[in-house]
Every structure is written in structure tokens, then in C-alpha cells.
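Geometric and topological summary
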Amino acid sequence: MKPLLKFLIPLSFLIACTSSEIPEDKLAPGAPGDDSFWNFAAKTGVGTAYEMYADDGYSNDGPTGTISKVWFSLTQGIITETAYGMIHEAQLKKLRFVVAGEGILDVEDRDMNHAVEYLHTDEAGRPLSLAYRMINEDKDGKYRIEKHIFTSPDNQSLFCRVQFSSTEPGMKLYLLANPHMGNTGSADSAFIDQHGIHAVEGNNYLTIGSSESYDNYSVGFKGTSDLLTQLENGEPTSYLATGGRGNVTVSAGWNITEDSFTTDIVVGFGETLSDANSAATETLDDGYERTLNAYNGQGQFTGWEDYLGSLENIPDMRSASGDDGKLLNASAMVLKALEDKENAGALIASLSIPWGDSVSAENSATGYRAVWPRDFYQCAMALLALGDEKTALTAFEYLQKVQVGENTPGNKGAGGWFLQKTVVDGTLEWFSIQMDQTAMPIMLGWKLWKKGVLSTDSLEYWYGEMLKPAADFLVEGGDVDLDWNKTSLTPPFTQQERWEEQSGYSPSTMAAIISGLVCASDIAEATGNTEDARKYLDAADLYESQLEQLTVTTSGPYGDGEYYIRINKNENPNDKGKLVDNNARPGMEEDLILDAGFLELVRYGVREPDDEIIMKSIRVLDDTSLVDNLQVRYLFPYEGDTYEGWRRYGNDGYGEDTSDGSNYGRMVPGQRGRVWPFFTGERGHYMIRLLGSDGLSATEKRQLTDNYARALEYFANEGLMLPEQVWEGVGNNTAHQYELGEGTSSATPLAWTHAEYVKLLKSVSDGNVWDFYPLVNDRYQK
């Protein structure tokens, strides 16, 4: 293997350093360094190589060869969490550049102006791959850094071409990386040898190589002996190894002697040092053009262009967009990219760790890089809407891995329900029962069957293996005994609703339970299980008949007193019951808390859009005269238009502090949940049903695009990433200085938001709601 470094000291010395003790003056002091944290979670880009399935998932023997298991994210002008292995297994926290010169010491994410755009687009500007161009410029115009970022489809490596230009002589450009090997940040070691710059923890290795020789290089501990700390305090000292474990950094630099300078940086990953070295070396040997063409799918290569080309529904859906399909292309690729490649079909919620810049990285945690069956359902349905039947089917089959049964580790109670949250390999993480998450896999299976994706023979198999146990739990509940969760549950009561905070009777949960059981009955009938079919319909009918008496107050303080509430703690929605405290917000009387979850009753077909109580509930939900703590709907003026957005519910505390805009997590009463853009998509779906079930006129489609699709496009950032939450203007905003409508550091991109946008475009273009269940509506329309 050829060396990746230009050696400023004898090669023989470096070779000796790998096999004997390094001189003390070459060992970085200051272990373990600063405490480790993750990054700002509002990503402006995410990426990974597109890989095709073999017959049974991903395989190195499949049609695209070696499966690249590297994912990256971008924000604030730099590369942030980069994973290798499973999708949550970050190995690198950040990789950024520092510019030094006469009177200049600038760091990309701290001191420069940032811009991001897609590197590969069509003539209309629609992205054709998840490759990015990031541009960071001096605020006084003295220098410019342009980076092209993607991964190698043929190796376990991240590729970054760096183009630096300057009007000032004598500049120095430094690479500064902060490894977080094994998804933690304080137990790494770093060293330099003849093959490159390395970091390691356990069997996780990283190697950084460059196409242009370095003029200097070093390793250190963050905050004590790292390059940036040294530059801020004087001339840097070069260290060859950390000599211990901690929060390490690695660095390299170039003395710039011309007006412009270009180098290709590759970060290779592996389970051994040799593997990481090979990944870096082979990718550098492949070079920029070949690696990028393979990633994009240009020429003889299969890549992201091929994936987009396989989505047969995109051309028709594009007509429902407000941006000629730009966000649609990005959303399609993001949803596919958020699938693990060691566990095919495992669709995660986001590549972000919510409010990561204030979240400790001392211990491994998944954040949103995990499976929730509810978010999962939204993504699978969106992929099916795009025409990606294979991924939707693979996702459905994956769900068996996260269903509780006799083989679930530690389970001593009832099975059939789906785990609240799991690692992509099925490792148990959160244990609460959310009944909608048990209904949605049934609904997804029914859709796949009706679309001809799931054959009748396969349906019969999956009915016995997965869908019947789920439907039985929706009917019977049972005594649950798994880890800490020991409870007796009787449906349609849920231990948690879709916001994972409250128990009781929830309109959105009951919408899913009723719809899931009606779908289960249809499947049971088709597979010859007539007694089951009757049982499921009887339960659905019972729950439907109880819906209003369990979830509608008739004596509330808003409107004429009759409307759906967020959740009812018992069987009486009029008893002024108090909800439990959540996210540092004291619980309030349940009839004070408004929530748009009742619209799921309309989306699935349980209730008609012009139902009297539905209409009353919308009027109180949309009341902008409520006090800010209880107000749900907010308006966003933009270039002559005004877009609508909604919070999850009144008194939501899952968001930034109103006193200064600082991150969620301090658990103070001022925390406030902000506007979630996917509610704009949910309202658009409601409006489609309200406008009629016989299709939409061209004028109606244009109105829906202008009011709802364009709103979601407005909420997307410059990298076309859709956030979980956006700033709605309430409270002090000094900590981050978000603009109105800008995504906060909660999580961007959120897969659910991208899925809701995709489904909205499908629904508008079709003239009917995509995840509407006609058999449910036929049974309960009044």
C-alpha cells in the first residue's frame, strides 16, 4: 500500500513508532480533552451511496457489488456526523477547515458565510443525487473554500474535494477532524503512521488520506492539545499519537503558495486498520471523476440517477409541486437514504440527534437514528407512492423484527404489539405501547396487497406470522411484561399516543386502531379466516361507536364547548381531568389542550370531512387568539403569500426555551414545542377530502399546491431538507437567531415530514388521498 503522507520526518522513524514507544515529546498531552457532544441537528444535507437489493436484501454479491455502508450529514458549512456500519454508528463528529494568515484565523462553521447546493442536477435544477457542493467564504472576500462531498459506492469511504482560492499571499489551510469512533466521543485514540492519519476505538478504525501531500499534521485532545487550540494560543506543535484515550482530534495542513489549491480528501473506515487504509487508498486511486460518476449513476454506473429513474410516479407527482419537482426529487432520495444497509427495510426517523450540540456523546445513543413503526409507516407509504414497491415491501417484511413475541428478549407477557423504538438491528430501546404503531403495520400490509405488491400467498403467510397477532392485540390487549413495562392494557386505551407522552383515549390512535382492524378483517376474510374477520369487525364497530363519547368534550372552554381533545385520561372527557406533566410543562386540564390528531379520522375514512364535530374542532384548533401557550396554529408571511403551520398541541414543551431560544433539554418550564411542518401536509390531505371524493379540478389542485405544497417547500432549507420543527416567532431567540419559518436544531431532515410532502403530492396529482382506506369509509360514512 502506498503512503498517504508526505513525511517531514524520516519514514523509518514513523514505522518504528508503530511498533515501539513514541518519544514523550511526540505524545499529545491533555487527555482526555473536553467533554464530547454531538452537532447542531439542523442538517442541510445527508448522503449515502445508492445500492440495489439482491433477492434477500443487500449483498456484496448483488447487482451493485460491494455495499457501501457510509452515511454523512452536513450543516453550517461542514461535514458532520458520518456513520459506518449500521446507520446510527457514527465514527466522525465533524470534519472542517481552518484558514490562517496575517491577522486571520477563521473556522468554517464559526467565521464564514455558508452556502450549499446539489452537485448533480438536471436542466430544471432538480437534484439527481445526494452529492453536494458546499461553499464557505470569507466575510471580507479574502478567500473561498468550495467542497464537493459524496461517498464511494465501491468502498467504505467519504470523499471530499477541496478547492481553495485566496487573494491574500501566504495563507495556510488546515483540515481539522473530530472522530467519535463507535458512536461515542471520549474513548478514542489517534495516531499517525506511514499510511495516514488514524483514529480508533475497539474494532472501529478511520484513516484520512489526501491526494496532495501535507505540509504538517498532528493529533491531539480537543480543547487542550488540538490544532485549533494551539493556533489560538500561538504556533502549533506536531504530535504523532495521543498516547491515551479521550476526545481526540486529527489535523493536517498545507502552505498555500498559489492563488488556488485543490486536493481530494478521503476518509476510509473499517473494522481493522488495514481495511480503513485500503478504503482510503483505493478511493483515492479511483479518483474524483470515477467515484462521483459511480455515486451519481452516470455512464456505465448504477447510482442515484437510476433510482430516481425507477420511480415511475414522479413525473405525474411533479405537477402538484410548487417548485417543479426539486423538493420531490430530494425527498425521494432522502427517504431511501434513511434505510439501514445491514438490516434491509429498516427505515429510521432522521440522521440527526435532536439538539445534538447540547447532547453528550460520552455514551452511545441512537437519537432519531432508530425505528419507530409510526414514522416507519409514513415512510413506507411515501416510498410506495413514489413507485418504489420493492423498498416498501422490504420495509413491511422487516417489521416482524420489531414485533413483540415469544422470541423477544425478556418478554414474559402478551405479544403482538410493536416496540416503541428500536435500534435498526431490532435491539430493544424503548418499551411503551402505542396502539397506533400496532395498527399501522396492518394498514401497510393491506395497501401492499391491494396494490398487487404483496401476493395472496404471501399475504396468507404474513397474516399468520405478523398481522393476526397484531390484530388480536388491538382487540384483546393483555397483560404486558417486558423490561420495566408491566401493565394490563384494554383497547382502545393506549399507554401512549403518537406524541409518546400521555396515556388514555386518543382520536388519532383510535383512527388507526379502527382502520387497522377493518383492514385486518378484510385480510382475514381473504385468507379464509372468517371467524377472525368477524371478531376484528366487531371490535372496530365497538370502538367506532365509542369514539365521540371517549374523545370529544361537550363542555370545553372553546367555541360552543364541543370538540375533540388531544387525549382523555379516562372514559369521561368532560371531567376536567388533568394530563400528566410533560417536558417540564405542568399538566393542564385535558379540555384545554387542542391537537390536530382528529384529522386522521378523516384521512383514513372513519369520519367525513364535513362531520359537524370535525368542523367545530377545526375552528377551535385554528383560533389564533388563544394565548401562546395554548395556541396551535401560526401564520408565516413570505413574499406576498401567507403559509399556515401547526404545533403538536397546546402546552407542548418539546422545544427551545422561550427565555433565550436555547436548546431543549434543560427541562425548564419555559421550553416550548414549535411548529411541525408535516401538519401542513396533514391539513392539505384533509382539504382534499373536503373538496370531494370524485376527484379534483385543475383549479382545486392548483389551490392545494399553492396553499400546502408550497408551504412545505417554504419550510425546507437551502439543501431541500425538511425539518421536524420550525421557529414560529414566540419568545426570545438570542441563542440561535432563527428566522421565522427556519428549521430549529430539533431534527432535520425528518423522514416523516418528507414522507408527508411526498404523499401530499401523490394525493393532489391523483385527486384522492393516498392513505385513505375506502373499506373503512364505506363502513362508517354517515
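Residues numbered from 1 in each chain as written. Predicted model: local features only at pLDDT ≥ 70, side-chain atom pairs only at ≥ 80, totals over all residues. Heavy atoms only, no water.

1. Quick look at the overall build of the protein chain
Put simply, the rule reads: Secondary structure elements follow DSSP: runs of H or I of four or more residues count as helices, runs of E of two or more count as strands, with numbering from the N terminus. The globule rule used here is 2.2 Å times the number of residues to the 0.38 power, and the radius of gyration it is set against is calculated over C-alpha atoms. A 1.4 Å probe rolled over the protein chains alone gives each residue an accessible area, and that area as a share of the maximum for its type sets the label: buried under 20%, exposed over 50%, partly exposed in between. What makes two residues a contact is simply this: any of their non-hydrogen atoms within 4.5 Å. Using a 1.4 Å probe, accessible areas were evaluated by the Shrake-Rupley method; residue-level cover was limited to the displayed protein chains. Charged-residue counts in this description rest on Lys and Arg as positive and Asp and Glu as negative, His and the chain ends being excluded. Where a charge sits is defined by one atom per residue type, namely NZ (Lys), CZ (Arg), CG (Asp) or CD (Glu).
Looking only at helices and strands, one finds 19 helices and 25 strands in the protein chain. In summary, the protein chain has a C-alpha radius of gyration of 27 Å against a globular reference of 28 Å for 782 residues, a match within 12%. Buried residues in the protein chain amount to 65% of all 782 residues. Across the protein chain, every contact between residues at least 6 apart in sequence was considered, and the portion connecting residues at least 24 apart equals 71%. Taken as a whole, the protein chain presents about 26200 Å² of accessible surface, with 44% of it coming from carbon and sulfur. Of the side chains in the protein chain, 62 bear a positive and 118 a negative charge, and the two mean positions are spaced by 3 Å.

2. Brief notes about the pattern of salt bridges
Let me state the cut-off plainly: One speaks of a salt bridge when a side-chain nitrogen belonging to Lys or Arg is within 4 Å of a carboxyl oxygen belonging to Asp or Glu.
All chains considered together, the criterion is met by 55 salt bridges. A salt bridge links Arg126 to Asp324, with the shortest nitrogen-to-oxygen separation between them at 3.1 Å. Here the residue Arg126 occupies a position in the loop between β6 (113–118) and β7 (132–137), and Asp324 occupies one in the loop between α6 (314–318) and α7 (326–337), the gap between them amounting to 198 residues. Arg126 gets classed as buried once you look at its relative accessible area, which sits at 12%. Residue classification places Asp324 among the partly exposed residues on the basis of a relative accessible area of 40%. Glu146 is the salt-bridge partner of Arg133, the closest N and O atoms lying 3.1 Å from each other. With Arg133 in strand β7 and Glu146 in strand β8 (residues 143–151), this residue pair connects regions lying 13 residues apart in the sequence. Salt bridges sharing common partners tie together Glu117, Arg133, Glu137, Arg144 and Glu146.

3. Here we look at helix α17 (residues 698–715)
Test applied: In this analysis, the expected span of each helix is defined as 1.5 Å times one less than the number of residues it contains. In this analysis the local bend is the angle between axes fitted, respectively, to the seven residues ending at and the seven residues starting at the residue.
Taking 1.5 Å per residue as the helical rise, α17 with its 18 residues ought to reach 26 Å, and the 25 Å between its terminal C-alpha atoms agrees with that figure. The principal kink in α17, of about 35°, is found at Thr705. Residues Leu704, Thr705, Tyr708, Ala709, Ala711, Leu712, Glu713, Tyr714 and Phe715 constitute the buried set of α17. The elements touched by buried residues of α17 are α7, β23 (633–638), β24 (641–647), α16 (678–691) and α18 (751–766).

4. Quick word on the sheet that holds strand β25 (residues 675–676)
Put simply, the rule is: By the convention used here, strands pair only if DSSP detects at least 2 bridges between them. Between the N-to-C directions of two axes lies an angle of 0 to 180 degrees, each axis being a line fitted to C-alpha atoms and, for a helix, fitted only over the stretch in contact.
One open sheet holds the 3 strands; their spatial order is β23-β24-β25, and the pairing between them is antiparallel. Each end of this open sheet is capped by a strand with a single partner; those strands are β23 and β25. As judged from the 6 bridges shared by β23 and β24, these two strands associate in the antiparallel manner. For Tyr638, the partnering residue across the bridge sits in β24 and is Asp641. Strand contacts of α16: β24 and β25, with the helix running at about 105° to β24, the strand carrying the most contacts.

5. Quick look at unusual backbone geometry
The omega angle of the peptide bond from Ala31 to Pro32 is 0°, so this bond is cis rather than trans. As for its position among the elements, Pro32 is in the loop between α1 (11–17) and β1 (45–48). Cis geometry is adopted by the peptide bond preceding Pro492, which originates at Pro491 and carries an omega value of 5°. The topology assignment puts Pro492 in the loop between β20 (485–489) and α12 (507–526). Positive phi is not limited to glycine here, since Trp355 has a value of about 50°. With respect to the secondary-structure elements, Trp355 resides in the loop between α7 and α8 (373–386).

6. Thoughts on the nonpolar core
Note the cut-off: In plain words, nonpolar cores are sets of buried Ala, Val, Leu, Ile, Met, Phe, Trp, Tyr and Cys residues tied together by side-chain atoms within 4.5 Å.
With 232 residues, the main nonpolar core has Leu173, Ile208 and Tyr773 as its most contacted residues. Other than its neighbours up to four places away in sequence, Tyr773 contacts Tyr377, Met381, Met443, Trp446, Lys447, Cys519, Arg603 and Tyr604.

7. A look at the confidence of the model for the protein chain
Detailed reading of predicted coordinates is not advised where the pLDDT is low. Note the following rule: The score called pLDDT rates the predictor's confidence residue by residue, from a low of 0 to a high of 100.
The predicted model of the protein chain averages 96 in pLDDT, with 97% of residues at 70 or higher. Considering each helix and strand of the protein chain separately, the mean pLDDT is smallest for α1, with a value of 37, and largest for α7, with 99. Across residues 1–20, where pLDDT falls below 50, the model places 52 contacts with residues more than four positions away in sequence or in other chains.

8. Side note on the pairing of strand β4 (residues 90–101)
With 11 of its 12 residues buried, β4 lies for the most part within the structure. In sequence, strand β3 (residues 78–84) turns back onto β4 through a hairpin of 5 residues, with Gly85 there showing a positive phi of about 110°. Looking at chain direction, β4 and strand β10 (residues 172–179) are connected through 8 bridges and run antiparallel. Counterpart to Phe97 in the pairing with β10 is Leu175. The antiparallel pairing of β4 with strand β5 (residues 104–107) creates a hairpin that spans 2 residues between the two strands, and Gly103 there sits at a positive phi of about 75°.

9. Notes on the side chain of Arg648
Note the cut-off: In protein, a polar contact means a hydrogen-donor-capable atom and an acceptor-capable atom, both N or O and within 3.5 Å, with residues adjacent in sequence counting only if both atoms are side-chain atoms; elsewhere, any N or O pair within 3.5 Å suffices.
The topology assignment puts Arg648 in the loop between β24 and β25. The exposure class of Arg648 is buried, given its relative accessible area of 4%. One polar contact links Arg648 to Glu501, side chain to side chain, over a distance of 2.9 Å. A polar atom in the side chain of Arg648 sits 2.9 Å from the side chain of Asp652. The contact partners of Arg648, leaving out residues within four places of it in the chain, are Trp499, Glu501, Asn583, Leu594, Asp595, Ala596, Tyr654, Arg674, Trp676 and Phe679.

10. Digging into the environment of Ala533
On the secondary structure map, Ala533 appears in helix α13 (residues 530–551). For the pair formed by Ala533 and Ala520, sequence separation is 13 residues and the distance between their alpha carbons is 7.1 Å.

11. What about the sheet that holds strand β13 (residues 204–210)?
Spatially, 8 strands are ordered β6-β7-β8-β9-β16-β13-β12-β11 in an open sheet, and the strand pairing comes out antiparallel. The open sheet terminates on both sides in strands that have one partner only, identified here as β6 and β11 (189–193). When the angles between neighbouring strand axes are averaged without regard to direction, this sheet yields 20°. Sheet topology note: the β11/strand β12 (residues 196–201) ladder contains 5 bridges and is antiparallel. Its bridge partner being in β12, Ser189 is matched across the sheet by Val200.

12. Structural notes on the environment of Phe97
Within the element layout of this structure, Phe97 appears in strand β4. Here the alpha-carbon distance between Phe97 and Leu428, two residues 331 residues apart in the chain, equals 38 Å. Dropping the residues within four chain positions of it, Phe97 is found in contact with Asp106, Val107, Glu108, Met112, Ile145, Lys147, Val162, Leu173, Tyr174, Leu175, Trp254 and Ile265.

13. A short note on helix α15 (residues 612–621)
Helical periodicity: at 3.6 residues per turn, an α-helix aligns residues three or four positions apart in one direction. Taking burial as the measure, the 10 residues of α15 include 7 buried ones, the bulk of the element. Every buried residue of α15 is accounted for by Ile613, Ile614, Lys616, Ser617, Ile618, Val620 and Leu621.

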